[in-house]
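Read off the chains here:
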Amino acid sequence: MFLVGLTGGIASGKSTVSSALKELGCPVIDADVVARQVVELHSPAYQRIVQHFGSEILLENGEIDREKLGHIIFSNPEKRRLLNSLTHPEIQKVMLKQIVGYFLRGYRYVILDVPLLFEMRRLTRFLKHTVVVYCDPATQLSRLMQRDRLTQEQAEMRIASQMPLNEKRGLASHVVDNSGSREDTHRQVLRLHAQLEDSMDFLLVRALAIATATGIGGLLLFSLKQLLS
């Protein structure tokens, strides 16, 4: 099984592409969903966040007020780095367990939906393919203001807190341009899905894992390389 990283920028349409891939039967691990799970009430990450950010970030029921915390970290890079250091180790543990689960169930590949894929850097060396969901800056700004009911200044600050989409696009092995219509984006997702389904990368990875366990890795690696070349 090989890993495919899916990323984008805030309001670029990554969730739209992720949902389309799920509908096509692709296994997707969503880092945002995992992030919400690891900060649930009284979890280790929750306790560390409250310890560092204070009880003023909590709702009346004790849960973390994501909107209030978001305002803090988007206006303060140091606070944003602190939050990442508190949550990312827990997120990675959960994602690894899910990856192993898909591997044992025989999937060819798994898509890791990670907003800060290139910012984190550590994860990219494990990925066979990387996909960026791109849209032009004007569209991104307009969508973010409308979606989150932000002023232009607030939206620009949030966009500026992330790596520019143009830079991410240059680092990716695949790009889905979501600047146009939903139909155009869907056509691009279908092409991406076909490329991943047709890939033989999973054969090499799975065979190497089996060969390592049986002690014939070197011979099998040579044979597979000859077959796939």
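Here the structure is a predicted model, which means the values were calculated and not measured. (Residues numbered from 1 in each chain as written. Predicted model: local features only at pLDDT ≥ 70, side-chain atom pairs only at ≥ 80, totals over all residues. Heavy atoms only, no water.)

(A) Highlighting the pattern of salt bridges. This structure, assessed with the given rule, holds 6 salt bridges. A salt bridge links lysine 168 to glutamate 119; its shortest N-O distance comes to 3.3 Å. Of this pair, lysine 168 sits in helix α9 (residues 165-171) while glutamate 119 sits in helix α6 (residues 117-120); the two residues are 49 residues apart in sequence, bridging distant segments of the chain. A relative accessible area of 0% places lysine 168 in the buried class. Residue class for glutamate 119 comes out partly exposed when judged on its relative accessible area of 26%. One salt-bridge network, held together by shared partners, links Arg48, Glu90 and Lys93. (Salt bridge = Lys/Arg side-chain N within 4 Å of Asp/Glu carboxyl O. Helix = DSSP H or I, 4+ residues; strand = E, 2+ residues; numbered from the N terminus. Buried < 20%, exposed > 50% of the residue type's maximum accessible area, 1.4 Å probe, protein only.)

(B) View of the packing of helix α7 (residues 137-148) against helix α8 (residues 152-160). Where α7 contacts α8, the axes come no closer than 9 Å and their chain directions differ by 115°. Crossing geometry of α7 relative to α8 is assigned as right-handed. Judged by residue contacts, Gln140, Leu141, Leu144, Met145 and Asp148 of α7 engage Gln152, Ala155, Glu156, Arg158 and Ile159 from α8. (Axes fitted to C-alpha atoms, helices over the stretch in contact; angles between N-to-C directions. Left-handed = near helix turned anticlockwise from the far one by under 90°. Contact = heavy atoms within 4.5 Å.)

(C) Region of the structure containing the packing of helix α2 (residues 31-38) against helix α5 (residues 77-104). Packing of α2 against α5 leaves a shortest axis separation of 9 Å and a crossing angle of 120°. With respect to each other, α2 and α5 are oriented oblique. For the pair α2 and α5, the sense of crossing is right-handed. Together, Ala31, Val34, Ala35, Gln37 and Val38 of α2 and Glu90, Ile91, Val94, Met95 and Gln98 of α5 make up the contact between the two elements. (Parallel < 35°, antiparallel > 145°, perpendicular 65-115°, else oblique.)

(D) Seen up close, the nonpolar core. Ranked by size, the top nonpolar core spans 37 residues in total, and within it Ile29, Ile49, Phe53, Leu69, Met95, Leu112 and Val114 carry the most contacts. Of all elements in the fold, only α2, α3 (44-53), α4 (66-74), α5, β3 (109-113), α6 and β4 (129-134) reach the threshold of two or more residues within this core. Not counting the four nearest positions on each side in its chain, leucine 69 is found in contact with Ile49, Phe53, Ile57, Ile64 and Leu83. Ranked by size, the runner-up nonpolar core spans 16 residues in total, among them Val4, Val17, Cys26 and Leu192. (Core = buried A, V, L, I, M, F, W, Y, C linked by side-chain atoms within 4.5 Å.)

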